[in-house]
Amino acid sequence: MGTTCGLTIDPIYRYVRALVICFILLPCIQLSLGAKTRHFKWEVEYKYWSPDCIENIVMAINGQFPGPTIRAKVGDTINVELTNKLSTEGVVIHWHGIRQMGTPWADGTASISQCAINPGETYNYRFKVDKPGTYFYHGHLGMQRSAGLYGSLIVDLAEGEKEPFYYDGELNLLLSDWWHKNTHDQEIGLFTNPFRWVGESQSLLINGRGQYNCSLAAKFSSNTSISQCKLRGTEQCAPKILHVLPKKTYRLRLASATSLASLNLAIGNHKMLVVEADGNYVQPFEVDDLDIYSGESYSVLLTTNQDPSNNYWLSIGVRGRLPQTPQGLTILNYKPNSASKLPISAPPITPVWNDYNHSKAFTNKILALMGTPKPPVNHDRRIILLNTQNKINGYTKWALNNVSLVLPPTPYLGSIKYGLKNAFDQKNPPENFDSINYDVTKPPVNPNSTYGNGVYMLGFNTTVDVILQNANALNANVSEIHPWHLHGHDFWVLGYGDGKFSADKDEKKLNLKNPPLRNSAIIFPYGWTALRFVADNPGVWAFHCHIEPHLHMGMGVVFAEGVDRLSTIPSEGLTCGLTGKMFSGQKN
């Protein structure tokens, strides 16, 4: 028999102790045994397609647009074997909202976490999904999201777990905008002097389908050309009808992969209960319509409690920009009605594009569900980022604290890990701007800016505050909405405000009680947004405006934390820009 602290441990005690330990560990063992590795083989290529009934070229995965939906459970490992079948350009895919804990090389950011996958090459994305929620994936090189490289990624609870709300069925809506001008032309225009803007999209897509110059709601339109138009009903652009049964509750998963448009979504005669934002539960609240910005995702509960003899419109429309794109539409089909039966009333009208009070009222209702982790009370570091439109040698750019981001050829992850000091600018980027003299309500007195690719080096496990400060663009009386997305983390949204952020005045307004956890946040025109996160995920992470053209005009920064804690980095994600032998572990 053994002894502990002078006490005899007999076999019965050992047996009982073993049983107790077994019961304690049983849920963990079951979770581990229930986890799976889900394998996918994907090929990315261009394909002729008619997303809005006009034939064009899209980026397809396995011949499919949008790309295949990935569905997994918490604890599962996703393994995507991605082959680039494009003939002349590289490709990467970012798994938007997945934190990549322990796998920063799988984040899918060219020049940050990996090299672009060259034509003919195959890259394995392998990562674990550790949090339930509504996510999506998209291209993160050039304008490939604008070209249609995106799809849904849904993470369900682990076996035996339950959501904090009830629903009978589920519908998944991936929202996007679509141009007829090809993305190469768009990209060239952004880097041309004189500057050529991409313009507003020709159509809005719901699950990759829309109608250009032709409307499902033709009989409600006063436009003769539209009212006489008949839907060109090919399978590629025919709307995805949402089939429901009366007196049921449905979970609508919404994600916005738009490249430019901020959207508003509404369903005729129906209210929605918001329950999830960016993969985090929120305190439920009811709305007639909701704003959804590029990079955001939501779950809303819809109860089919209206007249069951009718069908109803679901509409999306442009917000934050003067709309030049018609609403996107589909039908909520109450079974057993025919799906071709049009609703008896007109589609919901999108709020006026610049009614920012409407947008702010919705945004301010988003609060964390009780029990959500609260932010640290204090921050260790505060970085204030002034968003401005600038000129560099006559070219129009966006900048943060007067630095316009240009990514280096060698990915940061490898160059930081292996001490390649010549791979990027070693000078620390500016952490603030001249807030005393800079007037955010007017165009910059000196519009000139500079290029840079320095990195904000964050202390591991430190608490970081980021204040996003919006300002006037180059033209007078213009300040745009910018949706910002952070890779590798969720952050707490501590608050929003108008004008210039002041620590003395605004600090006391910050919400430390129940701020929502998000991975994307909006800054309103002439306003500021305060975020807080803990730098607890070793890697190098992009933080940028999720409007595709703005990012490629320089509107982003890069954070690095704990890279020295990574034991190894896959070589296929590193050996570009500099020769592979430089990653042998020798520092220069």
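Residues numbered from 1 in each chain as written. Predicted model: local features only at pLDDT ≥ 70, side-chain atom pairs only at ≥ 80, totals over all residues. Heavy atoms only, no water.

### Description of the pattern of salt bridges
For side chains of opposite charge, pairing can occur when their charged atoms come near one another. Inspection of every chain in the model, using the stated rule, returns 26 salt bridges. The partner of arginine 145 in a salt bridge is glutamate 548, and the shortest N-O contact between them spans 3.3 Å. Of this pair, arginine 145 sits in the loop between strand E9 (133-139) and strand E10 (150-156) while glutamate 548 is found in helix H7 (residues 548-552), placing the two residues 403 residues apart along the sequence. The pair arginine 145 / glutamate 548 is uniform in exposure class, with both members buried. Across the pair glutamate 507 and arginine 382 runs a salt bridge whose closest N-O atoms are separated by 2.9 Å. Here glutamate 507 is found in the loop between helix H6 (503-506) and strand E30 (517-518), whereas its partner arginine 382 is found in strand E22 (residues 381-392), with 125 residues between them in sequence. The class of arginine 382 is buried, set by a relative accessible area of 18%. (Salt bridge = Lys/Arg side-chain N within 4 Å of Asp/Glu carboxyl O. Helix = DSSP H or I, 4+ residues; strand = E, 2+ residues; numbered from the N terminus. Buried < 20%, exposed > 50% of the residue type's maximum accessible area, 1.4 Å probe, protein only.)

### Examining the sheet that holds strand E12 (residues 203-206)
The strand order across the open sheet formed by six strands is E12-E11-E14-E19-E16-E17, and the pairing between neighbours is mixed. If you trace the sheet from one side to the other, it starts and ends with E12 and strand E17 (280-287), each paired once. The sheet shows a mean angle of 25° between the axes of neighbouring strands, direction not considered. The pairing of strand E11 (residues 169-178) with E12 spans four bridges and is antiparallel. Among the inter-strand pairings, tryptophan 178 is bridged to a residue of E12, identified as serine 203. (Pairing = 2+ DSSP bridges. Axes fitted to C-alpha atoms, helices over the stretch in contact; angles between N-to-C directions.)

### Concerning the nonpolar core
In this structure, Trp42, Leu82, Trp95, Tyr125, Tyr412 and Val540 are the most contacted members of the largest nonpolar core, which totals 49 residues. Sequence-distant contacts of valine 540, defined by excluding residues within four places in its chain, comprise Ile112, Tyr412, Leu413, Ile416, Val558, Phe559, Ala560 and Val563. With 33 residues, the next largest nonpolar core counts Leu171, Leu290, Leu314 and Leu332 among its residues. (Core = buried A, V, L, I, M, F, W, Y, C linked by side-chain atoms within 4.5 Å. Contact = heavy atoms within 4.5 Å.)

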